[in-house]
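Secondary and tertiary structure notes
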Amino acid sequence: MTTFQDLGVREDLLRAIAELGYVAPMPIQEKVIPHLLNEDSDVVGLAQTGTGKTAAFGLPTLQRVDTSLKATQAIILDPTRELCMQTCNDLNDYAKYVDGLRILPVYGGSSIEVQIRALRKGVQIIVATPGRLLDLIKRGEVNLENVNTVILDEADEMLNMGFVDDINNILEHVPETRKMLMFSATMPPEIANIAKNYMRNPQEYMIGARNEGSANVRHIYYMVRANDKYLALKRICDYLPRVYGIIFCRTRASAQEIATHLMEDGYDADALHGDLSQAQRDAVMKKFRERNLQLLVATDVAARGLDVDDLTHIISYSLPDDNAVYNHRSGRTGRAGKTGVSIALIHSRERNKLRDIEKHMGKQFERCEVPKPNAIIEKQLFNLADRLENVEVKEDDIAEYMPQVLKKLSWLDSEDLLKRMLSLEFNRLLEYYQDAPELDYVPEKEKAKKREKKPKYDNTRDKDCRTAEEGYERVFVNAGKADGFFAPSLIELVNRNTHGERVDLGRIDLLTNYSLFDVREGDAKRVVKALKNADFFGKRIYAEVASLDKNYASETEGTEVKLNRKERRRQQFGAKERHGDRRRGHRRERDERDERRTRRDNERGFKRGPKGGKKKK
Ligand code: AMP
């Protein structure tokens, strides 16, 4: 196994990173550290956050500084204040045992005077946003004559933020002898031009993670109509009660809009984008890092400064233009040995874009159905039950209030009480999701196919049918319309098999393969018992007290027999034997009647004609 020592890292730095728990170098570090320490040529690194790039450029940068000199020897450019701070903090951690080293972050939006005072004391490494550094250079407060290392971190983001001219300008001020390294997750032409114009024989290192995506990340997508995206987003969030994730939007305005809607709809969400003031951005990020916020709705640029390792989900509300940015987003989950899910919410015209991303990642997306209301309700109730189970009960504090509350609720048993507690949430969900439409986009061709496959008998009424009327209980019976089982058959079946007091039937729902019917409260068990193994034209009857939780439609699926009218009647009425018996009975009755009449005629002296008319003999 390669060690940091093998890469040429100095003893005092080794000690500090060992304390940070860095055992072995990460791939980008293995490549970049020896290059920066030993080679003359420059470096372009294609790597995203989370690959260990800060130590890759940070350790050699620190090692190249001569601490006996106070002059600035290294500049590191970062796109945002947050990244400056983060890089600076990391470098200070690595430099814990390096004496006489001063590293200073300088960025826009905070007092330039304070930064100038600090600079005047002598700073060997400056970590800066390009605009502020240029300002300080122009004021003569930063002298780049002795700079031997220039690092451009997140170069593509600096381009996105409009810093490209500033970068070019700064690079004009550094000596030609400096060594330069540029990290970027993507390589747009402007960035490629910086490399071409200012770097010497740049060696390119690409870290696998850029194209592969983390093995711990599952990539899924939902396809909905463009107008349904927000509704689908809410369903996804409802289905993930414990989500801790970032929702990525392409523009600042859309990030703000989605965040505002989510907040108004009661979600634990907030926005992070460049239109917010620095103080607002800091406050949101703090809340999110401390997990006082579940969902952060962000633009790619603004989220860069946020380093959180345990995100459960990444949701791309809109797909980025650049495929590599998708990788960058999803690489924010599934870190540190954890698993994560990266979700893309797309509309039908974005399928090709998704295929491009798949090619780029070398991984396939799974299409998932937008969570259905019953699945969401189940998840939410389970989560609530989980919270009830795990809530900390402050015995001493609550004791004072308990007697009164216990007295008020004393008439409820524990099951009732639980039902009522769950109903506080359940009723809201039920109301919200009542008549909720299907959101998955199904192309017309597939819709037609589905229609063809749709069973003739529709069992969608099942759920409503499981509820009894007031004062009644519901009974399920395994015979339905396909068995030729209709209301008279049910009444006859119940009457034939029950003894004692007559059973009063209420509402009857006849479905394809089964039926549900009401009996007066208290009668259900008696009826179920009576119908056990009863016979309905050769079909053995099974009955049970109907349960609200059972989906009888799906349980009886596959037993459906489609019968034509004649067959149904035959099943219903027992067909031939009965009709035959009856015909035979009729014939017998007619013959007997004829016999009686002939006898009577003979007695009275009448003779019948061919048409039955009577004549006196
Ligand atoms: P970065 O890509 O620089 O943001 O680093 C991602 C995370 O990996 C940070 O939390 C680093 O502290 C951590 N890290 C960097 N290098 C190593 C290493 N060699 N071993 C373990 N963790 C590391």
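Residues numbered from 1 in each chain as written. Predicted model: local features only at pLDDT ≥ 70, side-chain atom pairs only at ≥ 80, totals over all residues. Heavy atoms only, no water.

**Structural notes on the overall build of the protein chain**
When its secondary structure is counted, the protein chain shows 27 helices and 22 strands. Every one of the 617 residues in the protein chain was classed for burial, and the buried ones make up 47%. Pairs at least 24 residues apart make up 75% of the contacts formed inside the protein chain by residues separated by at least 6 positions. (Helix = DSSP H or I, 4+ residues; strand = E, 2+ residues; numbered from the N terminus. Buried < 20%, exposed > 50% of the residue type's maximum accessible area, 1.4 Å probe, protein only. Contact = heavy atoms within 4.5 Å.)

**Let's talk about the environment of proline 371**
Looking at the secondary structure, you find proline 371 in the loop between strand E14 (366-367) and helix H17 (373-390). Along the sequence, proline 371 and glutamate 438 sit 67 residues apart, while their C-alpha atoms lie 9.4 Å from each other. Setting aside residues no more than four positions away along its own chain, proline 371 makes contact with Tyr222, Arg235, Ile236, Tyr239 and Ile376.

**Quick look at the site of the ligand**
Taken together, twelve residues lie around the ligand, and Tyr22, Gln29, Gly50, Gly52 and Thr54 are the ones closest in. Note that a nitrogen atom of the ligand is positioned 2.8 Å from one of the side-chain N or O atoms of glutamine 29. Between the ligand and the protein, one listed contact pairs an oxygen atom with a side-chain N or O atom of threonine 54 at 2.5 Å. Split by residue class, the shell around the ligand holds five nonpolar, six polar and one charged. (Near = heavy atom within 4 Å. Polar contact = N/O pair within 3.5 Å; in protein donor to acceptor, adjacent residues only side chain to side chain. Nonpolar A, V, L, I, M, F, W, Y, C, P; charged D, E, K, R; others polar.)

**A few points about a nonpolar patch on the surface**
Together, Val391, Val393, Ile398, Tyr401, Met402 and Leu406 make up a nonpolar patch on the protein surface, roughly 550 Å² of accessible area in all. Tracing the backbone shows tyrosine 401 in the loop between helix H18 (395-399) and helix H19 (402-408). (Patch = residues over 30% accessible without salt bridge, like charges linked within 9 Å, V, L, I, M, F, W, Y side chains within 5 Å. Areas by Shrake-Rupley, 256 points an atom, 1.4 Å probe, with all protein chains shown as cover. Salt bridge = Lys/Arg side-chain N within 4 Å of Asp/Glu carboxyl O.)

**A few points about the sheet that holds E14**
Pairing in this open sheet of seven strands is parallel, and the strands run E10-E11-E9-E12-E13-E8-E14 from one edge to the other. Looking at strand neighbours, the two that pair on one side only are strand E10 (269-272) and E14, the edges of this open sheet. Bridge analysis of E10 against strand E11 (residues 295-299) gives four bridges, and the strand direction is parallel. When the sheet's bridge partners are listed, aspartate 270 is paired in E11 with leucine 296. (Pairing = 2+ DSSP bridges.)

**A word on helix H6 (residues 130-138)**
An α-helical turn contains 3.6 residues, so a residue and the one three or four places further along point in the same direction. Inspection of H6 places Pro130, Arg132, Leu133, Leu134, Leu136 and Ile137 among the buried residues, and these make up the whole buried set. In this fold, the buried residues of H6 make contact with strand E2 (74-77), strand E3 (103-106), helix H5 (112-120), strand E4 (125-128), helix H7 (155-160) and helix H8 (164-173). Trailing H6 by a residue or two, glycine 140 shows a phi angle of about 80°, which is positive.

**Observations concerning the packing of H17 against helix H20 (residues 414-433)**
Each packed pair of helices is defined by two parameters, the angle between the axes and the distance between the axes. It is the contact of H17 with H20, at a shortest axis distance of 10 Å, that shows an interaxial angle of 150°. Considering the angle they form, H17 stands roughly antiparallel to H20. Of the two possible hands of crossing, H17 and H20 adopt the one that is right-handed. When H17 is examined against H20, the residues Pro373, Ile376, Ile377, Gln380, Leu381, Leu384 and Leu388 are found in contact with a partner set consisting of Leu418, Met421, Leu422, Glu425, Phe426, Leu429, Leu430 and Tyr433. Along the lines of polarity and charge, the residues of the contact of H17 with H20 split into 13 nonpolar, one polar and one charged. (Axes fitted to C-alpha atoms, helices over the stretch in contact; angles between N-to-C directions. Parallel < 35°, antiparallel > 145°, perpendicular 65-115°, else oblique. Left-handed = near helix turned anticlockwise from the far one by under 90°.)

**Some thoughts on a negative patch on the surface**
Negative charge collects at one region of the surface, where Glu395, Asp396, Asp397 and Glu400 lie side by side. For aspartate 397, the location among the structural elements is in helix H18. (Lys, Arg positive; Asp, Glu negative; His and termini not counted. Charge placed at Lys NZ, Arg CZ, Asp CG, Glu CD.)

**Section: a positive patch on the surface**
A contiguous patch of positive charge on the surface is contributed by Lys70, Arg102, Arg117 and Lys121. With respect to the helices, strands and loops of the structure, arginine 117 is situated in helix H5.

**Comments concerning the pairing of strand E1 (residues 43-46)**
The side-chain alternation of E1 yields two buried faces, one formed by Val43 and Gly45 and the other by Val44 and Leu46. Pairing of E1 with strand E6 (residues 179-184) involves four bridges; the strand directions are parallel. By the bridge assignment, glycine 45 is partnered in E6 with phenylalanine 183.

**Structural notes on the sheet that holds strand E5 (residues 149-152)**
Judged by pairing direction, the sheet is parallel, and its seven strands sit side by side in the order E3-E4-E2-E5-E6-E1-E7 without closing on themselves. Each having just a single partner strand, E3 and strand E7 (203-206) make up the two edges of the open sheet. Between one strand axis and the next, the sheet turns by 15° as a mean value, whatever way the strands run. Of the strands in this sheet, E2, E5 and E6 touch H8, which is tilted by about 175° from E2.

**Describing the nonpolar core**
One finds Ile75, Ile126, Leu133, Leu152, Met182 and Ile194 to be the most contacted residues of the largest nonpolar core, which totals 37 residues. Of all hydrophobic cores here, the second largest spans 36 residues; its members include Leu62, Ile76, Ala95 and Ile125. (Core = buried A, V, L, I, M, F, W, Y, C linked by side-chain atoms within 4.5 Å.)

**A word on the environment of valine 164**
By the element assignment, valine 164 lies in helix H8. Judged by relative accessible area, valine 164 falls into the buried class, the value being 15%. Distance from valine 164 to glutamate 190, taken between C-alpha atoms, is 7.7 Å for residues 26 residues apart in sequence. In contact with valine 164, other than residues within four places in its own chain, are Met158, Leu159, Glu190 and Ile194.

**Observations regarding the packing of aromatic side chains**
For any two aromatic rings, the description comes down to two numbers: the centre-to-centre distance and the angle of the planes. A complete count under the given rule lists nine aromatic pairs for this structure. Seen in terms of ring centroids, phenylalanine 57 and phenylalanine 183 are 6.0 Å apart; in terms of plane orientation they differ by 50°. Their pairing is tilted. Highlighted residues: phenylalanine 57 in helix H3 (residues 53-63) and phenylalanine 183 in strand E6, separated in sequence by 126 residues. You'll find phenylalanine 57 and phenylalanine 183 in the same group, each marked buried. When the ring centre of tyrosine 317 is taken as reference, the NZ or CZ atom of lysine 229 above it lies at 5.6 Å. Lying across the ring of tyrosine 239, lysine 379 places its NZ or CZ 4.0 Å from the centre. (Phe/Tyr/Trp six-rings, centres within 6.5 Å; stacked < 30°, edge-to-face > 60°. Lys NZ or Arg CZ within 6 Å of the ring centre and 35° of its normal.)

**Let's talk about the pattern of salt bridges**
For the structure shown, the criterion picks out 31 salt bridges. When the shortest N-O distance is used, the salt bridge between arginine 242 and aspartate 386 registers 2.9 Å. Of this pair, arginine 242 sits in the loop between helix H11 (229-239) and strand E9 (245-249) while aspartate 386 sits in helix H17, and the two are 144 residues apart along the sequence. Overall, arginine 242 belongs to the exposed group, its relative accessible area being 52%. For aspartate 300, the salt bridge is made with arginine 329, and the minimal N-O distance between the two is 2.8 Å. Of this pair, aspartate 300 sits in helix H14 (residues 300-303) while arginine 329 is found in helix H15 (residues 323-330), placing the two residues 29 residues apart along the sequence.

**Thoughts on the confidence of the model for the protein chain**
When pLDDT is averaged along the protein chain, the result is 83; 85% of the residues meet or exceed 70. Low pLDDT (under 50) marks residues 209-213, which in the prediction has 19 contacts with non-local residues, meaning those over four places away or in another chain. The low-confidence segment residues 456-460 (pLDDT under 50) makes eleven contacts with residues lying over four places distant or belonging to another chain. (pLDDT = per-residue confidence, 0-100.)

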